[in-house]
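# Understanding the architecture of this molecule
Each chain, letter by letter, is given below.
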Amino acid sequence: MAKKVFVLGIDGMPFTLLHTEYFCRLMPRFTGICKTFGVHKLNSVLPVISSVAWTSFATGQNPGKHGIFGFTDRNSSPFEITIPTSASRKCPAVWNQLPGGKHSIVINVPLTYPPEQINGLMVSCFLCPDIKKSTFPRDFYKHLVKMDYIIDTDAQLVATDKKAFLLQLLTATEKRFELAHELLGTDWSYFQLHIMETDRLMHFFYPYLSKPISDEYSQIIALYFKQLDSHIYRLFTRIRENAALIILSDHGFCEIVSEFQLNVWLEHNGLLKFNGSGRTLNNYSPDSVCYALTPGRIYINLEGREEKGSVAARDYNVVREQIKKQLLSISDTTNGKPIADKVFYREEIYQGNYLDDAPDLIVHPKNGYDLKSLLDGGNIFTRSLLTGMHTYEDALIVGAGMDVSKVKAIDQVSGIIQEYFDDESK
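Description of the structure in this document.

Glancing now at the sheet that holds strand β17 (residues 381–382). Taken together, the three strands give an open sheet; going across it, the order is β16-β11-β17, and neighbouring strands pair in mixed fashion. In the strand order of this sheet, the two ends are held by β16 (369–372) and β17, each with one partner. Sheet topology note: the strand β11 (residues 258–261)/β16 ladder contains four bridges and is parallel. Of the residues in β16, the one forming a bridge with Gln-261 is Lys-372.

Listed below in structure tokens is the structure:
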């Protein structure tokens, strides 16, 4: 029988949370699958960003090779803030590397907009601005419209109607599984379905998962995970006899203690300056030493590379070392705890032809301190509607019909998938 692989991505699902009494009660069938086949901890990427993690998964490469470093990026000269898309990816994805003309189906995987011309079908992700542009083949979007498919939930509802937002999460997840079940009967060898709503829920409602809370929201959150458990089990029972199954997340989650506004801190310390009163990165002063992008990516204003570069190349390493020491010395003003766990030079974690596009310093925070990059010149420590943040060491992976026990990081997964298909032809 020809080999088939189904990959189910559950965005942000933490390994540790899965082992709590709360989750075992709400998701008994999923936790049962994990116990039967073995669930393992998985490392994410640095910094911990979903678009980077899933691109690393798809390509089997680090950002220095695939070229995606964040949800936003920058061109150094002329200076411009950009949003990377699938067209920015410099390496082929696993669904484009199957042997022998095998067919792929890819649904909702981060950074699959615009949808690629693949040997199969693709429904792109939350970056898609219009459902009419969401699919390959192009006309398949008509079927999505007919079934009331949701490209992404409306996070702005959190500020105005939390209940409506949670109900939208339920509907969006229901539609993704509904579409997957419709397509299971078609021709495919590789099928990847991605559930983004778990990440959305944990960003805005994480305290409900970490301690007992009883209100109208907790009831819908419990319902969400009960239904997710049912969806996963139904999918598992349909494909288990005919395909290998991998279920994985791209990072973990923890509760936010405080957001830390890195650009505000840089400005307060004289490292980032602006021309006039306009505080946008497009308006940063040539006198600046560096600037930051979320989360924790710092770019030196290097002469000859940056449009407004003023830091001489001979001073580059000294400047990086000085900023690193300053960052590691920052502590929370309320409790004295350090903000940064580690500060990396880019060459310590990235390798490849696109290293020059990487941030010069990468700040990895202590759990609970969410690194942001507002430019309002106000407070360094802030809070927003966000209550949960990504963590690096707490993703998960489980394999049925495929041994994933030796996989330690998300960029190693596609390699074992390719080996699985390669063994078929031997």
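Here the narrative resumes.
Attention shifts here to unusual backbone geometry. That bond from Phe-136 to Pro-137 is cis: its omega, 0°, falls within 30 degrees of zero. You can see Pro-137 is positioned in the loop between β7 (135–136) and α6 (141–146). Omega for the bond connecting Thr-294 with Pro-295 falls within 30 degrees of zero, at -15°, which places this linkage in the cis form. When you line up the elements, Pro-295 lands in the loop between β12 (290–293) and β13 (297–300). The phi dihedral of Asn-108 is positive, around 70°, even though this residue is not glycine. In this structure Asn-108 comes out as buried when scored by relative accessible area, which is 2%. Even without being glycine, Leu-111 reaches a positive phi, approximately 65°. Here Leu-111 shows up in the loop between β5 (104–107) and β6 (120–123).

Another aspect to go through is the state of the cysteines. Here the structure, examined in full by the defined rule, presents zero disulfides. For the unlinked cysteine Cys-34, the closest cysteine sulfur is that of Cys-24, found at 9.2 Å. Residue Cys-34 is classed as buried on the basis of its relative accessible area, which comes to 4%. Cysteine Cys-91 shares no disulfide, and the gap to the nearest cysteine sulfur, in Cys-125, comes to 18 Å. Residue class for Cys-91 comes out buried when judged on its relative accessible area of 15%.

Looking at the element boundaries, Ser-51 is found in helix α4 (residues 50–59). According to the relative accessible area criterion, Ser-51 is buried, its value standing at 0%. In this structure, Ser-51 is in contact with Ile-68, Gly-70, Phe-71, Pro-110 and Leu-111, ignoring residues within four places of it in sequence.

Moving on to the environment of Lys-65. Structurally, the position occupied by Lys-65 is in helix α5 (residues 63–66). When its relative accessible area of 38% is taken as the criterion, Lys-65 is described as partly exposed. Considering only alpha carbons, one finds Lys-65 and Ile-105, 40 residues apart in sequence, at a separation of 25 Å.

Judged by nonpolar contacts, the single largest core of 71 residues is most densely connected at Phe-6, Leu-8, Phe-191, Phe-225 and Ile-232. With ten residues, helix α11 (residues 216–239) is the single largest residue contributor to this core. Not counting the four nearest positions on each side in its chain, Ile-232 is found in contact with Leu-8, Ile-10, Met-27, Phe-30, Ile-33, Phe-177 and Ile-247.

Let us look at the pairing of strand β19 (residues 395–400). For β19, the buried fraction is high: six of the six residues fall into the buried class. On β19, burial covers both faces: Ala-395, Ile-397 and Gly-399 on one face and Leu-396, Val-398 and Ala-400 on the other are all buried. Bridge count between strand β2 (residues 39–42) and β19: four bridges; the pairing is antiparallel. Bridging across to β19, His-40 finds its partner in Ile-397.

Now for the pattern of salt bridges. Close approach of charged atoms lets side chains of opposite charge pair. Counted by the stated rule, this structure contains 18 salt bridges. A salt bridge links Asp-229 to Arg-29, with the shortest nitrogen-to-oxygen separation between them at 3.1 Å. Of this pair, Asp-229 sits in helix α11 while Arg-29 sits in helix α3 (residues 28–37), and the two are 200 residues apart along the sequence. Note on Asp-229: relative accessible area 1%, which makes it buried. Take Arg-29: its relative accessible area is 36%, and that puts it in the partly exposed class. Glu-321 is the salt-bridge partner of Lys-325, the closest N and O atoms lying 3.6 Å from each other. Remark: Glu-321 and Lys-325 occur in helix α13 (residues 316–328); sequence separation between them is four residues, near one turn of the helix. Relative accessible area serves as the criterion here: at 57%, Lys-325 is assigned to the exposed category. Glu-321 sits in the partly exposed class, given a relative accessible area of 39%. Taken together, the salt bridges that share partners define one network made up of Arg-74, Arg-305, Glu-306, Arg-346, Asp-356 and Asp-360.

On to the pairing of strand β9 (residues 244–248), then. By the criterion of burial, β9 is predominantly enclosed, with five of the five residues buried. Neither face of β9 is left uncovered, since the one carrying Ala-244, Ile-246 and Leu-248 and the one carrying Leu-245 and Ile-247 both have all their residues buried. Pairing analysis gives five bridges linking strand β1 (residues 5–10) to β9, with the strands arranged parallel. In the sheet register, Val-5 faces β9, and the bridge partner there is Ala-244. Bridge analysis of β9 against β19 gives four bridges, and the strand direction is antiparallel. When the sheet's bridge partners are listed, Leu-248 is paired in β19 with Ile-397.

The N-to-C vectors of helix α8 (residues 162–184) and helix α9 (residues 197–205) enclose an angle of 160°; their axes lie 10 Å apart at closest approach. On the basis of the axis angle, α8 is roughly antiparallel to α9. Crossing angle aside, the handedness with which α8 passes α9 is left-handed. Here Lys-162, Phe-165, Leu-166, Leu-169, Ala-172, Thr-173 and Arg-176 of α8 come into contact with α9, specifically with Glu-197, Arg-200, Leu-201, Phe-204 and Phe-205. For the contact of α8 with α9, the per-class residue count stands at seven nonpolar, one polar and four charged.

Cut-offs used in this document
- Residues numbered from 1 in each chain as written.
- Predicted model: local features only at pLDDT ≥ 70, side-chain atom pairs only at ≥ 80, totals over all residues.
- Heavy atoms only, no water.
- Pairing = 2+ DSSP bridges.
- Helix = DSSP H or I, 4+ residues; strand = E, 2+ residues; numbered from the N terminus.
- Buried < 20%, exposed > 50% of the residue type's maximum accessible area, 1.4 Å probe, protein only.
- Disulfide = S-S within 2.5 Å.
- Contact = heavy atoms within 4.5 Å.
- Core = buried A, V, L, I, M, F, W, Y, C linked by side-chain atoms within 4.5 Å.
- Salt bridge = Lys/Arg side-chain N within 4 Å of Asp/Glu carboxyl O.
- Axes fitted to C-alpha atoms, helices over the stretch in contact; angles between N-to-C directions.
- Parallel < 35°, antiparallel > 145°, perpendicular 65-115°, else oblique.
- Left-handed = near helix turned anticlockwise from the far one by under 90°.
- Nonpolar A, V, L, I, M, F, W, Y, C, P; charged D, E, K, R; others polar.

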